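# Architecture at a glance
Here is what each chain is made of, one letter per residue.
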Amino acid sequence: MKDSNLSPRDSYAPNGFTRNASTTSAEVYNNSCKVMLIGDSGSGKTCLLVRFKDGAFLSGTFISTVGIDFRNKVVDVDGTKVKLQIWDTAGQERFRSVTHAYYRDAHALLLLYDVTNKNSFDNIRAWLAEINEYAQEDVVIMLLGNKADMTAERVIRKEEGEKLAKDHNVAFMETSAKTGMNVDLAFMAIARDLKMKKTRKPSDPAFNVAEYITKEQQTSGCCGS
Ligand SMILES: Nc1nc2c(ncn2[C@@H]2O[C@H](COP(=O)(O)OP(=O)(O)OP(=O)(O)O)[C@@H](O)[C@H]2O)c(=O)[nH]1
């Protein structure tokens, strides 16, 4: 947790570590899944979550997340309600052992780097190694090059992000928590993936997140950097 302006979350422990994230009986959704935001400190994980959840941008002084925090959002995928339980992790090294424990039951991992920070991009390989070690084999991984609005400060080209994602066979998009570019698309692709996994008949082709976001971006004519 890091910002006192955030709306109350389901359950939050006083020491800064989240307690059980339980669904009340009134909140029975067809589907629910856990999505984790990971990546270097300062890459924009909290801002991305706040943009998706509240449609706002957290500007001003940067306050690092302590431990781990979560927020829920229910979305509609073609008439099916999907509940995303989104976990915002601390990017700082000293919290790594805490966050590893949460990888295990994650349905999807949104792995962020900051397009204005080369270190955060170079560290993606190490993050992928951690995912390999701690997450489930079939976890959905999406690499996000965040802060794409910062054109003048950019040091990582979009093509570099695309290549890295291709090398590791993961989905890729550039995002901006500031402008909202591709933020909904990233989370909605995860929600759709969950829905497809639950409803897919054996004869149906498998849903592919990477192909879906490429198609959606082409359809909307979105998104240059
Ligand atoms: N211009 C711009 N600034 C951003 C964007 N996303 C985040 N920021 C800024 O980057 C800084 C860090 O953002 P956070 O969301 O707090 O980063 P974090 O990844 O949660 O950091 P930790 O909690 O330390 O892991 C803040 O000052 C934000 O305002 C973005 O898309 N564009």
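Rules of the game
Residues numbered from 1 in each chain as written. Predicted model: local features only at pLDDT ≥ 70, side-chain atom pairs only at ≥ 80, totals over all residues. Heavy atoms only, no water. UniProt positions renumbered as here; feature names shortened; annotations may be inferred. Axes fitted to C-alpha atoms, helices over the stretch in contact; angles between N-to-C directions. Helix = DSSP H or I, 4+ residues; strand = E, 2+ residues; numbered from the N terminus. Parallel < 35°, antiparallel > 145°, perpendicular 65-115°, else oblique. Left-handed = near helix turned anticlockwise from the far one by under 90°. Contact = heavy atoms within 4.5 Å. Nonpolar A, V, L, I, M, F, W, Y, C, P; charged D, E, K, R; others polar. Phe/Tyr/Trp six-rings, centres within 6.5 Å; stacked < 30°, edge-to-face > 60°. Lys NZ or Arg CZ within 6 Å of the ring centre and 35° of its normal. Pairing = 2+ DSSP bridges.

As named in an unreviewed UniProt entry, the protein chain is small monomeric GTPase, taken from Potamilus streckersoni. As its UniProt record puts it under Catalytic activity (unreviewed entry), the protein chain is described as follows: "GTP + H2O = GDP + phosphate + H(+)".

## A closer look at the packing of helix α6 (residues 183-199) against helix α7 (residues 209-220)
Between α6 and α7, the least distance of the axes is 10 Å, while the angle of their chain directions is 135 degrees. Our classification of the angle between α6 and α7 gives oblique. Classified by chirality, the crossing of α7 by α6 is right-handed. Note on element contacts: α7 touches α6 through V209, Y212, I213, E216 and Q217, opposite L185, A189, R192 and D193. Across the contact of α6 with α7, the residue classes break down as five nonpolar, one polar and three charged.

## Notes on the packing of aromatic side chains
Going through the model one piece at a time under the given rule, you end up with six aromatic pairs. Their ring planes at 40 degrees and their centres at 5.1 Å tell us that W87 and Y102 sit as a pair that is tilted. Within this pair, whereas W87 is found in strand β3 (residues 80-89), its partner Y102 is found in helix α2 (residues 96-103), the two being separated by 15 residues in sequence. Connected via pairs of aromatic rings, a cluster forms that spans F70, W87 and Y102. One Lys or Arg, K73, reaches over the ring of F52 and ends 4.5 Å from the middle of that ring.

## Overview of unusual backbone geometry
Despite not being glycine, D78 shows a phi value in the positive range, around 45 degrees. The topology assignment puts D78 in the loop between β2 (68-77) and β3. The phi dihedral of K147 is positive, around 70 degrees, even though this residue is not glycine. If you trace the backbone, K147 turns up in the loop between β5 (140-146) and α5 (158-167).

## A look at the sheet that holds β5
The strand order across the open sheet built from six strands is β2-β3-β1-β4-β5-β6, with neighbouring strands paired in mixed fashion. Only two strands of the sheet have a single partner each, and these edge strands are β2 and β6 (171-174). Each strand axis lies, on average, 25 degrees off the axis of its neighbour in the sheet, ignoring direction. Across five bridges, the pairing between strand β1 (residues 31-39) and strand β4 (residues 108-114) is parallel.

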